[in-house]
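# Coordinate analysis (summary)
In case you want the letters, here they are:
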Amino acid sequence: MFKKRKLVSKEEPISKQSMGSDQVATYDKPKILLVDCDDEVETMLMSEGFNVRSGTFGRPYKREKADGYTPVIASFDLPNYMEQEVVVIDLSPQEAAEGPERDKHVPDSEYDWWVKCNKGVINPQPRAMAFVQDAFDRILDSGGVFVVFAHAKSRQDLVFARISPNTRGLEIKFPIDYTNWSFLTILEDLWAGAEQGDEIHVDDKGSAIGQILADFLQDAVFQCALGLQQGQKQDWTILKFKSLAKNKYDETVSAAIIDPRIRGLVLIFPQSSSKGPFLVRLIKEVLPAMCPHLFPHITGGKWVHRPEYELPEVLELNAQKADVAERAGVKLPHLVNKFSR
């Protein structure tokens, strides 16, 4: 099902956006960016007083099927993306435009992104993701949160090329290995194979995130199964891939990616028609406990340290820290958990 959202067509890919004169954020923090989310999600979060902006990686557009290549023309709008702290991304496909929404970026004689036309639809989003990947990595490394509503990972035949001034044929310099999941480097190791279904079981219903996930999954459908693929580039002896929900074949369809060295977090969920209410509960009930550094307006409440608000993986790390401190004979009353303080 295609999503209905505001269509953006700008010559400049990056622009600023205000909340509007009739919408004033109650909470300045965290700064929340919605990418390719339904307009209703934005409206619901803003009505709760959150500091929200909306943007897009751009729309796919139609091209006549052919054996050759055509330039990738990206038109994306991600307002103030470098300063965002919670980034929500909906990867479900959008309805294709009749053509690109701006002129191509450089003349044919200069090297640029090109894509094979054999599918009849060009998705420029990987180019937009490549543009912001370093900034999004920095947000994650600085303790930001990425919430992803998943769809299967897909690749196009992308190359960095130009029209040769001598032969007038396409001169390919190298292939481009970016996908519709390339907005974070850490996700290059993620396998998101095409699977579909609606039978989903929460792994840990006793946790805070498990409780709201159980309600959310009542009308959810998964479009992919998740896991780590071979040839990994990241050190997964340190990084933690934690399953949150599985399908009937015990395949993960919702997951958390945790880096114990930083306070950042990636949460991946299936598709659902109730994303708005789910995000409200996630941001109000779960994230303040997992990432309190993003919620300065919540101060000193003991509830943020209760074990039921932690992922099991985080509780295990807490126990390991306490054990190390005890064996070292060191009193650490203010030991900082990277996800709960």
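Residues numbered from 1 in each chain as written. Predicted model: local features only at pLDDT ≥ 70, side-chain atom pairs only at ≥ 80, totals over all residues. Heavy atoms only, no water.

Attention shifts here to the overall build of the protein chain. Helices and strands together make up the secondary structure of the protein chain, namely five helices and 17 strands. Counting every position in the protein chain, which comprises 341 residues, the buried fraction comes to 51%. Considering only residue pairs separated by 6 or more positions, the protein chain has 75% of its internal contacts joining residues 24 or more positions apart. As displayed, the protein chain has an accessible area near 16600 Å², and 49% of this comes from carbon and sulfur atoms. (Helix = DSSP H or I, 4+ residues; strand = E, 2+ residues; numbered from the N terminus. Buried < 20%, exposed > 50% of the residue type's maximum accessible area, 1.4 Å probe, protein only. Contact = heavy atoms within 4.5 Å. Areas by Shrake-Rupley, 256 points an atom, 1.4 Å probe, with all protein chains shown as cover.)

To continue, consider the environment of R168. Relative to the assigned elements, R168 resides in the loop between β9 (158-163) and β10 (170-176). Taking the C-alpha atoms as reference, R168 lies 9.1 Å from S109; in sequence the two are 59 residues apart.

This part is about the pairing of strand β5 (residues 86-90). Among the five residues of β5, five are classified as buried, and the element is accordingly described as predominantly covered. A two-sided burial pattern is seen for β5, the buried positions comprising V86, V88 and D90 on one face and V87 and I89 on the other. As paired elements, strand β1 (residues 31-35) and β5 share four bridges and run parallel to each other. Among the inter-strand pairings, V35 is bridged to a residue of β5, identified as I89. Pairing of β5 with strand β8 (residues 145-149) involves five bridges; the strand directions are parallel. Residue V86 lies in a different strand from β8, and its bridge partner there is V145. (Pairing = 2+ DSSP bridges.)

Below, the discussion takes up the nonpolar core. Nonpolar side chains in soluble globular proteins generally cluster together in the buried interior. Counting 42 residues, the largest nonpolar core has L45, V88, L213, L267, F269 and L282 as its most contacted members. Among the elements that line this core, the one with the most residues is helix α4 (residues 275-290), at eight residues. Non-local contacts of L267, meaning those with residues more than four positions away in its chain, are made with F146, V147, V148, I209, L244, A255, A256, L282 and L287. Within the second largest apolar cluster, 37 residues are counted, among which are M129, A150, A192 and I268. (Core = buried A, V, L, I, M, F, W, Y, C linked by side-chain atoms within 4.5 Å.)

Bringing helix α2 (residues 125-141) into the picture now. With 17 residues, α2 extends 23 Å from end C-alpha to end C-alpha; this agrees with the ideal 24 Å at 1.5 Å per step. A bend of about 50° at V132 is the largest found in α2. Counting buried positions along α2 yields 12 of 17 residues, so the element is predominantly enclosed. By the burial criterion, the buried members of α2 are Q125, P126, R127, A128, M129, V132, Q133, A135, F136, D137, I139 and L140. Considering only its buried residues, α2 is in contact with β1, β5, β6 (112-116), β8, β9 and β16 (265-269). (Expected span 1.5 Å × (residues − 1). Bend = angle between axes of the 7 residues up to and from the residue.)

Here the focus is the packing of helix α3 (residues 208-216) against α4. The description of two packed helices rests on the angle between their axes and on the distance between the axes. Between α3 and α4, the least distance of the axes is 10 Å, while the angle of their chain directions is 170°. As summarised for this structure, α3 and α4 are arranged roughly antiparallel, according to the angle between their axes. Mapping the contact onto sequence places A208, I209, I212, L213, D215 and F216 in α3 and K275, F278, R281, L282, E285 and V286 in α4. Looking at the contact of α3 with α4 residue by residue, the class counts come to eight nonpolar, no polar and four charged. (Axes fitted to C-alpha atoms, helices over the stretch in contact; angles between N-to-C directions. Parallel < 35°, antiparallel > 145°, perpendicular 65-115°, else oblique. Nonpolar A, V, L, I, M, F, W, Y, C, P; charged D, E, K, R; others polar.)

Of all five residues making up β1, five are buried, and the element is well covered by its neighbours. In β1, alternate side chains face the same way, and those of K31, L33 and V35 on one face and I32 and L34 on the other are all buried. Relative to strand β2 (residues 51-55), β1 runs parallel, the two sharing five bridges. Bridge pairing in β2 places K31 opposite N51. With respect to chirality, the unit in which β1 leads through helix α1 (residues 39-47) into the neighbouring parallel β2 is right-handed. (Right-handed = clockwise from strand over helix to strand, strands pointing away.)

What follows covers the confidence of the model for the protein chain. Mean pLDDT over the protein chain: 85, with 81% of residues reaching 70 or higher. Considering only residues more than four positions removed or in separate chains, one finds that residues 1-21, a stretch of pLDDT under 50, has 56 contacts. In the model, residues 300-306 has pLDDT below 50 throughout and makes 11 contacts with residues more than four positions away in sequence or in other chains. (pLDDT = per-residue confidence, 0-100.)

It is worth spelling out α4 at this point. Look at α4: only 20 Å from first C-alpha to last across 16 residues, short of the 22 Å you get at 1.5 Å a residue. At I283, α4 is deflected by roughly 40°, the largest bend along its length. Buried within α4 are the following residues: K275, G276, F278, L279, V280, L282, I283, V286, L287, P288, A289 and M290.

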